[in-house]
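# Structure assessment
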2 protein chains.
Amino acid sequence: MLKQTKRLSLVEQVAEQIESLISSGNWPVGSKIPAEPELMEQLQVSRNTLREAIRALTHAGLLKTRQGDGTYVSSSSALGPVLKKRILRSGWLETLEVRHALEKEAASLSAERRDEDDLERMAYCLEQSKIAILAGEADLYARWDVEFHQAIFASSRNGLLIELYDYISDSVQPILVDMFHDVPFHSFHDNHTQLLEAIRKQDSEMAVEMVQQYIRETQEHFKNQNITGGHKQHGEDEFLNQIRT
Amino acid sequence: MLKQTKRLSLVEQVAEQIESLISSGNWPVGSKIPAEPELMEQLQVSRNTLREAIRALTHAGLLKTRQGDGTYVSSSSALGPVLKKRILRSGWLETLEVRHALEKEAASLSAERRDEDDLERMAYCLEQSKIAILAGEADLYARWDVEFHQAIFASSRNGLLIELYDYISDSVQPILVDMFHDVPFHSFHDNHTQLLEAIRKQDSEMAVEMVQQYIRETQEHFKNQNITGGHKQHGEDEFLNQIRT
DNA sequence: GGAAATTTGTACGTATGTATT
DNA sequence: CAATACATACGTACAAATTTC
């Protein structure tokens, strides 16, 4: 029943062009795109056609328009916004379980594929987090903890895995930052040090075991806190969402 | 500080309404939605406003319009189409690695949470696949194999996990069906039988081990076939990295 | 407060593809 | 096959709301 249209509609062509301008970096995230009259001239289309294209990308989460001001790039990929919207309908536990699945895979792949630069990057992140611990700065520690995990994912050499983790990780970041206030930092730091060592020795099984260890600690925290709800607490502030994601 | 922009744009309101009609099942997948004039009347908006809303949902993959015919519902969720589009840019190996990450998690969770109905369903799927093997029907076996895995995911009780698997699984289905022609079925069937047994005994570690076993067989097949991966050239890099192990 | 810039919403006309008579 | 009706595609023009300076 489904037939493939040989020719894309004009609106889709325009949307494709704009999308490629965004993904290529010509229109960076946060930048203001040209006004309607100018784009009409450059793309040689009518206002209605241009508006439908922009509306499509706005709905997809790539653009944000502010009446009386202009239209701004809010994301470089359509996957992020959609995934985040879906995650809002899930409970914290569901989201964390998916995140953990990705973390175990990344640790395993990292142990196989990491190079010296990767190891150096991970070690640097751990050093910085150690400094943050000694200074007692929870926020700073959380930031370097995230960087550490992202370094592991980067060394997995799997772009899809990296991207999925980024979006899911963003959505559960608040709850994890909150957790850092109740759980002793050094426990995670010791674990992460062993995780790095396993990756350095290319011991996939040990790396996965280390990931599972801090996952268990995270889950213990959830049980103690008796958190059962969804993401709603952090979902209502979507209105004052900045231009940048 | 009265900051909140109280109202969504008219177009977004219309899009929301249509989206909820789709996700609620009032407009099932494959059905034809009312024509523009009728929707204009029902929603009390102008034609352009309605068209922008429909265009947004069309771009998101929820609707498909055919000039001269009408507009049809093509998906009940926005996540599926976007994820599939993203996967097209990845290599087969990348996609399979993510899929495997989800499968391991699902097997582990299933071992913890499955009930008797779940076990019954899984056992039934295995029986049917056994029948397909004896009849020598590869397509039929592939279908029941998919059903078996979906039964495992269903018993993970994690809606996000289930949804992600569905979309990713769809995208790699062709390559897996192809693989069934070269790999002895009974090897997978024996493995799956043990996997079911592990889930029945609520032995998470054994369940994960069984998943990893058939993953290894799948990867062996890829090495032998010298498949360079996906629709993109860069997929070859990931494959070569995988070869090194 | 006012003027300019920008997006929003509406109305109408024409063209083109599809199905039906 | 031709004619007709219907549905979507694309274009122009005008008025309104919002933000910035």
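Residues numbered from 1 in each chain as written. Chains lettered and ligands numbered in written order. Predicted model: local features only at pLDDT ≥ 70, side-chain atom pairs only at ≥ 80, totals over all residues. Heavy atoms only, no water.

### Observations concerning helix 3 (residues 47-60) of chain B
With 14 residues, helix 3 of chain B extends 20 Å between its outermost C-alpha atoms, agreeing within 8% with the 20 Å of an ideal straight helix rising 1.5 Å per residue. Of all 14 residues that make up helix 3 of chain B, 11 are buried, and the element is covered over most of its length. (Helix = DSSP H or I, 4+ residues; strand = E, 2+ residues; numbered from the N terminus. Expected span 1.5 Å × (residues − 1). Buried < 20%, exposed > 50% of the residue type's maximum accessible area, 1.4 Å probe, protein only.)

### Observations concerning the relation of the copies chain B and chain A
Aligned on chain A, chain B shows an RMSD of 0.1 Å; the corresponding rotation is 180° and the shift along the axis is 0.0 Å. Here the copies are linked by what is in effect a two-fold axis. Taking C-alpha positions as the reference, the residue of chain B nearest the rotation axis is Ala56 of chain B, at 2.0 Å. When the interface residues of chain B are mapped onto chain A, 80% of them again lie at the interface, so the same face is used by both copies. (Least-squares fit on C-alpha atoms with pLDDT ≥ 70 in both. Contact = heavy atoms within 4.5 Å.)

### Concerning the packing of helix 5 (residues 92-113) of chain A against helix 8 (residues 159-179) of chain B
It is at 8 Å that the axes of helix 5 of chain A and helix 8 of chain B come closest, and there the two elements cross at 45°. By the angle between their directions, the pair helix 5 of chain A and helix 8 of chain B is classed as oblique. Along the contact surface, helix 5 of chain A presents Glu94, Thr95 and Val98 of chain A, while helix 8 of chain B presents Gly159, Leu160, Leu161 and Leu164 of chain B. Considered class by class, the residues forming the contact of helix 5 of chain A with helix 8 of chain B number 4 nonpolar, 2 polar and 1 charged. (Axes fitted to C-alpha atoms, helices over the stretch in contact; angles between N-to-C directions. Parallel < 35°, antiparallel > 145°, perpendicular 65-115°, else oblique. Nonpolar A, V, L, I, M, F, W, Y, C, P; charged D, E, K, R; others polar.)

### A word on the protein's contact with DNA strand D
Close to DNA strand D lie 23 residues; Leu10, Asn48, Thr49, Gln67 and Gly68 of chain A are nearest. Considering DNA strand D, the proportion of its atoms within 4 Å of the protein that are sugar or phosphate atoms stands at 63%. A distance of 3.4 Å separates a base nitrogen of DNA strand D from a polar side-chain atom of Arg47 of chain A. Elements supplying a minimum of two residues to the surface near DNA strand D: helix 1 (10-23) and helix 3 (47-60) of chain A together with helix 3, strand 2 (63-66) and strand 3 (70-73) of chain B. Considered class by class, the residues forming the surface near DNA strand D number 3 nonpolar, 11 polar and 9 charged. (Near = heavy atom within 4 Å. Polar contact = N/O pair within 3.5 Å; in protein donor to acceptor, adjacent residues only side chain to side chain.)

### Notes on the interface of chain B and chain A
Taken residue by residue, the interface counts 46 residues in chain B and 42 residues in chain A. Ionic pairing is found between Arg113 of chain A and Glu97 of chain B, a salt bridge with its closest N-O pair at 2.5 Å. Counting the contacts that link chain B with chain A gives 21 residue pairs in polar contact (both at pLDDT 80 or more). Broken down by element, the residue count for the side of chain B that touches chain A peaks at 11 residues, all from helix 5 (residues 92-113) of chain B. Its residues assigned to classes, the side of chain B that touches chain A shows 16 nonpolar, 12 polar and 18 charged. (Salt bridge = Lys/Arg side-chain N within 4 Å of Asp/Glu carboxyl O.)

### A closer look at the pattern of salt bridges
Scanning the model with the defined rule gives 31 salt bridges over all chains in all. The partner of Arg51 of chain A in a salt bridge is Glu52 of chain B, and the shortest N-O contact between them spans 2.9 Å. Linking Arg51 of chain A in helix 3 with Glu52 of chain B in helix 3, this pair reaches from one chain into another. On the basis of relative accessibility, which here comes to 23%, the residue Arg51 of chain A falls in the partly exposed class. With a closest N to O distance of 2.6 Å, Arg66 of chain A and Asp69 of chain A form a salt bridge. Residue Arg66 of chain A is classed as partly exposed on the basis of its relative accessible area, which comes to 45%. The network of salt bridges with common partners includes Glu36, Arg47, Arg51 and Arg55 of chain A together with Glu52 of chain B.

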